[in-house]
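Coordinate analysis (summary)
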Amino acid sequence: MNKFSSLCAVLVAGVLAGPAIAAPAAPASAPAATGCAAKQQHVQAQIDIAKANGNQNHVDGLSTALQEIQNNCTENGLRKEREGKVLDAKREVSKRQSDLDKAMKKGDSEKINKRKDKLAEARKELQDAMDELDK
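Residues numbered from 1 in each chain as written. Predicted model: local features only at pLDDT ≥ 70, side-chain atom pairs only at ≥ 80, totals over all residues. Heavy atoms only, no water.

**Some remarks on the overall build of the chain**
Rules: Numbering of helices and strands starts at the N terminus; helices are DSSP runs of H or I of at least 4 residues and strands are runs of E of at least 2. Note on classification: 1.4 Å probe, protein chains only; a residue is buried when its accessible area is under 20% of the maximum for its type, exposed when over 50%, partly exposed between these limits. Contact between two residues is taken to exist if any of their heavy atoms lie within 4.5 Å; hydrogens are not considered.
Across its full length, the chain carries five helices and zero strands. Along the chain, from the amino end to the carboxyl end, the secondary structure elements read α-α-α-α-α. Taking all 135 residues of the chain together, 22% fall into the buried category. Contacts in the chain between residues far apart in sequence, at least 24 positions, make up 69% of those at least 6 positions apart.

Have a look at this one:
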């Protein structure tokens, strides 16, 4: 049995056991999960919350999502997806900077302020996308 199969078996056992059995806390020295494992952990945590709140429809949808992650997520594919988001965010920052430059040439202070806000938002989205690369 490979590591991925073992992880799937543990996750399925966790889903079947439900909230009655709490998973032990990870030791403080344990590295945080990354990539597909982190996605699986995130969805599993959402499933646990939905179960605790008695929201079976949400549990069903999240279980399907978890199954899709287990069946289709690869570290390379996930990395490429995240790199694509970074590239898109960089393009957006560039576009917003260009819009701001044009507004500054015209001297319209209202448009300048709007463009500055849009640029700041685009930069934040870029930073968020870059932060995701390491997860």
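**So, the pattern of salt bridges**
As a reminder of what qualifies: We count a salt bridge whenever a side-chain nitrogen from Lys or Arg sits within 4 Å of a carboxyl oxygen from Asp or Glu.
Tallied over the full model, the rule gives eight salt bridges. Across the pair K95 and D99 runs a salt bridge, and its minimum N-O distance is 3.6 Å. Taken together, the residues span about one helical turn, with K95 and D99 both in helix α4 (residues 75–106) at a distance of four residues. A salt bridge links E110 to K114, with the shortest nitrogen-to-oxygen separation between them at 3.6 Å. Highlighted residues: E110 and K114, both in helix α5 (residues 109–132), separated by four residues, approximately one helical turn. Look at E110 and you get exposed, because its relative accessible area is 52%. Accessibility expressed as a relative area gives 47% for K114, which makes it partly exposed.

**Considering the state of the cysteines**
Quick reminder of the rule: Throughout, a disulfide means two cysteine sulfur atoms within 2.5 Å of one another.
Applying the stated criterion to the full structure yields one disulfide. The disulfide bridge from C36 ends at C73, spanning 2.0 Å between sulfur atoms. Across the S-S bond linking C36 and C73, the dihedral sits near -85°, which makes this disulfide left-handed. Linking C36 in helix α2 (residues 35–52) with C73 in the loop between α3 (56–72) and α4, this pair joins segments that are 37 residues apart in sequence.

**Some details on α2**
Selection rule: A helix's residues, less one, multiplied by 1.5 Å, set its expected span.
For α2, spanning 18 residues, the distance from its first C-alpha to its last is 26 Å, which sits close to the expected 26 Å at 1.5 Å a residue. For α2, the complete set of buried residues consists of G35, C36, Q40, V43, Q44, I47 and A50. Just downstream of α2, G54 is the residue with a positive phi angle, here 70°.

**Side note on the packing of α4 against α5**
The description of two helices packed together rests on the angle between their axes and the distance between the axes. As a reminder of what qualifies: Note on geometry: axes are lines fitted to C-alpha atoms, helical ones only across the stretch in contact, with angles between N-to-C directions running from 0 to 180 degrees. Roughly parallel refers to an angle under 35 degrees, roughly antiparallel to one over 145, roughly perpendicular to one between 65 and 115, and oblique to any angle outside these ranges. Note on convention: the crossing is left-handed when the near helix lies turned anticlockwise from the far helix by less than a right angle, right-handed when the turn is clockwise.
At a minimum axis separation of 8 Å, α4 and α5 run at an interaxial angle of 165°. Classed by the angle they form, the pair α4 and α5 counts as roughly antiparallel. Considering only the axes of α4 and α5, their crossing is left-handed.

**Digging into the nonpolar core**
Just so we agree on the cut-off: Nonpolar cores were defined as sets of buried Ala, Val, Leu, Ile, Met, Phe, Trp, Tyr and Cys residues, with membership established by side-chain atoms within 4.5 Å.
Among the nonpolar cores identified, the biggest contains 11 residues, and these are V86, A89, V93, L100, A103, I112, L119, A122, L126, A129 and L133. For this core, the elements supplying multiple residues, two or more each, are α4 and α5. When neighbours within four sequence positions are excluded, L126 is seen to be in contact with V86, A89, K90 and V93. Listed in part, the 10 residues of the second largest apolar core include A50, V59, I69 and C73.

**A closer look at the environment of N113**
With respect to the helices, strands and loops of the structure, N113 is situated in helix α5. Residue N113 is classed as partly exposed on the basis of its relative accessible area, which comes to 44%. Taking the C-alpha atoms as reference, N113 lies 8.6 Å from L100; in sequence the two are 13 residues apart.

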